[in-house]
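The chain contents come next:
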Amino acid sequence: MGFHLHGIRRSSFTSSQAAAKVPKGYLAVYVGEKHKRFVIPISYLYQPSFQYLLSQAEEEFGHDHPMGGLTIPCSEDVFERTTSGLKGQ
């Protein structure tokens with residue numbers, strides 16, 4: 001079961017269960033060394049601070065993400081600080 005935190009949702013489903021549990025208007029991303037899964041609003045993709053994270057992902061992984069989904073190469077703390085500032089935007 002996931003929970004809501006700063007406009008993002010954490011999930012503890014298996015990958016096949018989790019893929020089916022992404023609500024419309026959201027995107028699953030994997031963050032940090034342990035590849036923790038977060039479900040974020042698609043609107044975050046347009047924010048400059050999040051686009052910086054996306055450029056880091058592109059630089060590190062290109063289009064080949066190890067989790068089969070978008071992997072953000074930063075710590076969970078950095079990701080949560082970045083996304084907490086996006087809530088409500």
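Below, the structure is looked at part by part.

Criteria and thresholds
- Residues numbered from 1 in each chain as written.
- Predicted model: local features only at pLDDT ≥ 70, side-chain atom pairs only at ≥ 80, totals over all residues.
- Heavy atoms only, no water.
- Salt bridge = Lys/Arg side-chain N within 4 Å of Asp/Glu carboxyl O.
- Helix = DSSP H or I, 4+ residues; strand = E, 2+ residues; numbered from the N terminus.
- Buried < 20%, exposed > 50% of the residue type's maximum accessible area, 1.4 Å probe, protein only.
- Arc of directions from axis to C-beta.
- Core = buried A, V, L, I, M, F, W, Y, C linked by side-chain atoms within 4.5 Å.
- Contact = heavy atoms within 4.5 Å.

With that settled, the discussion passes to the pattern of salt bridges. This model, assessed by the stated rule, comprises one salt bridge. The partner of Lys36 in a salt bridge is Glu76, with the nearest N and O atoms 3.5 Å apart. Residue Lys36 is located in strand E4 (residues 36–41), and its partner Glu76 is located in helix H3 (residues 76–84); the two are separated by 40 residues in the primary sequence. The partly exposed category is assigned to Lys36, whose relative accessible area is 28%.

The subject of this paragraph is H3. Residues spaced three or four apart along an α-helix point in a common direction, a consequence of the helix completing one turn every 3.6 residues. Of all the positions in H3, only Phe79, Glu80, Thr82 and Thr83 are classed as buried. Within H3, the buried residues cover an arc of 165° as seen down the axis, which keeps them to one side. Residues of H3 that are exposed and point over 90 degrees away from its buried face: Asp77 and Arg81.

Our focus in this paragraph is the nonpolar core. Counting residues in hydrophobic clusters, the biggest one holds 13 residues, and the most contacted among them are Val29, Val31, Ile40, Phe50, Ile72 and Phe79. Elements with a minimum of two residues in this core: strand E3 (26–31), E4, helix H2 (48–61) and strand E5 (70–72). By residue number, the principal contributor to this core is H2, which donates three residues. Discounting chain neighbours no more than four positions away, the residues touching Val31 are Lys36, Phe38, Ile72, Cys74, Ser75, Glu76 and Phe79.

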